[in-house]
Amino acid sequence: MALVTTTEMFKKAYDGGYAIGAFNVNNMEIVQGITEAAQDLKAPLILQVSKGARAYANHTYLVKLVEAAVIECPDIPIALHLDHGPDFETCKACIDGGFTSVMIDASGKPFAENIEITKKVVEYAHDHGVVVEAELGTLAGIEDDVKVSAEDSTYTHPEEVEEFVTKSGCDSLAIAIGTSHGAYKFKPGTKPQLRFDVLEEVSRRLPGFPIVLHGSSSVPQEFVEKINKFGGSMPGAIGVPEDQLRHAAELSVCKINIDSDLRLAMTATIREYFAEHPGDFDPRQYLKPARAAIKAMVAHKIVDVLGCDHKA
């Protein structure tokens, strides 16, 4: 099976009341852990690459790693997606370079300019058989080159979504309902709560249209505690409750982005390994359990949060 776009998987997800996991990849072990879990559970999958990942690992290496995963996981559909494309040039490079889906993030621009930029990307992408995700509303937090303060974040205004989608021609829409990037999404002692009223109103105005949630890592506390136990310092790291993400997937959310949880699983496992095996120095010795931790975490997300197991 070749790389696919998200069109068919989103239609099935919307109708079936589940979401597809969009997991960020940066190296071989992360790709392997994610795809092995999805292959075992027969789950459709989106592997996404950020601007930072392309700068770190090189566009060609990442594409070839994903192409290798497609060969090794022949039973599941896999899309390759650009996460938070900052401009037309980056989106064009990914479209020309083998990606099947791109996100143009002009959410920080004025409404009309966001439409204009998104439409330009859509026209080029559609001419090349690639689909486009756009964003309306601005998420707080930090992820690679995306840095937005809580004061500058804004919820999506439902009254704007119909005009935006119609004029831009985008294929899916990321909205802001209270998720945020990074591992510090909510203040300790507060009760995290997504704005389902905003999601439901967006869904009412865009029936059948796939909605995307960014910044949706749950920051599992067992990983945070392990990192802190073995020399790390992550006080107050709190994520989005998984039951709220599951509810969002039952509504119109077809794509849920997960990145920080991968980093936490990998880092916690490596820190523990170093502490317990101080004489080991072969990267394969500590990357193997790190890969297994990613696989186990992704399997949990697929079954218990996304609900997309056996939906390939």
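Cut-offs applied
Residues numbered from 1 in each chain as written. Predicted model: local features only at pLDDT ≥ 70, side-chain atom pairs only at ≥ 80, totals over all residues. Heavy atoms only, no water. Helix = DSSP H or I, 4+ residues; strand = E, 2+ residues; numbered from the N terminus. Rg over C-alpha atoms; globule rule 2.2 N^0.38 Å. Contact = heavy atoms within 4.5 Å. Areas by Shrake-Rupley, 256 points an atom, 1.4 Å probe, with all protein chains shown as cover. Lys, Arg positive; Asp, Glu negative; His and termini not counted. Charge placed at Lys NZ, Arg CZ, Asp CG, Glu CD. Pairing = 2+ DSSP bridges. Axes fitted to C-alpha atoms, helices over the stretch in contact; angles between N-to-C directions. Buried < 20%, exposed > 50% of the residue type's maximum accessible area, 1.4 Å probe, protein only. Salt bridge = Lys/Arg side-chain N within 4 Å of Asp/Glu carboxyl O. Phe/Tyr/Trp six-rings, centres within 6.5 Å; stacked < 30°, edge-to-face > 60°. Lys NZ or Arg CZ within 6 Å of the ring centre and 35° of its normal.

When helices and strands are counted, the chain shows 12 helices and 11 strands. The C-alpha radius of gyration of the chain comes to 18 Å, within 12% of the 20 Å expected for a compact globule of 312 residues. Overall, the chain is about 60 × 45 × 35 Å in size when its C-alpha atoms are taken along their principal axes. Excluding contacts between residues fewer than 6 apart, the proportion of contacts in the chain whose partners are at least 24 apart in sequence is 76%. Accessible surface for the chain amounts to roughly 13200 Å². Of this, 54% is attributable to carbon and sulfur atoms. Treating the 30 positive side-chain charges of the chain as one cloud and the 45 negative ones as another, the clouds have centres 2 Å apart.

The subject of this paragraph is the sheet that holds strand E4 (residues 101–104). Ordered by their spatial adjacency, 8 strands build a closed barrel running E1-E2-E3-E4-E5-E8-E10-E11, and the pairing between neighbours is parallel. Averaged over all pairs of adjacent strands, the angle between strand axes in this sheet comes to 25°, irrespective of strand direction. Here strand E8 (residues 172–175) runs beside strand E10 (residues 211–213); their pairing, made up of 2 bridges, is parallel. Paired with alanine 174 across the strands is valine 212, a residue of E10. In this fold helix H6 (residues 111–127) packs onto E4 and strand E5 (131–136), with an angle of close to 170° to the strand it touches most, E5.

The residue glutamate 29 is located in helix H2 (residues 28–41) in this model. Despite its burial, glutamate 29 pairs with no opposite charge; the closest candidate is arginine 291, at 5.5 Å N-O. Those residues in contact with glutamate 29 that lie beyond four places of it in its chain are Met266, Leu287 and Arg291.

Attention now moves to the environment of alanine 134. If you trace the backbone, alanine 134 turns up in strand E5. As for alanine 134 and glutamate 225, which are separated by 91 residues in sequence, their C-alpha atoms are 35 Å apart.

Per the stated rule, a full pass over the model turns up 3 aromatic pairs. Its end group placed over the ring of tyrosine 155, arginine 195 keeps NZ or CZ at 4.9 Å from the ring centre. Above the ring of tyrosine 18, the side-chain terminus of lysine 311 is found at 5.2 Å from the ring centroid.

Turning our attention to the environment of proline 44. Residue position: proline 44 is located in the loop between H2 and strand E2 (45–50). In this structure proline 44 comes out as buried when scored by relative accessible area, which is 3%. Spatially, the C-alpha atom of proline 44 lies 8.6 Å from that of alanine 79, the residues being 35 residues apart in sequence. Once you skip the residues sitting within four places of it in the chain, proline 44 turns out to touch Met9, Ile20, Pro77, Cys308, Lys311 and Ala312.

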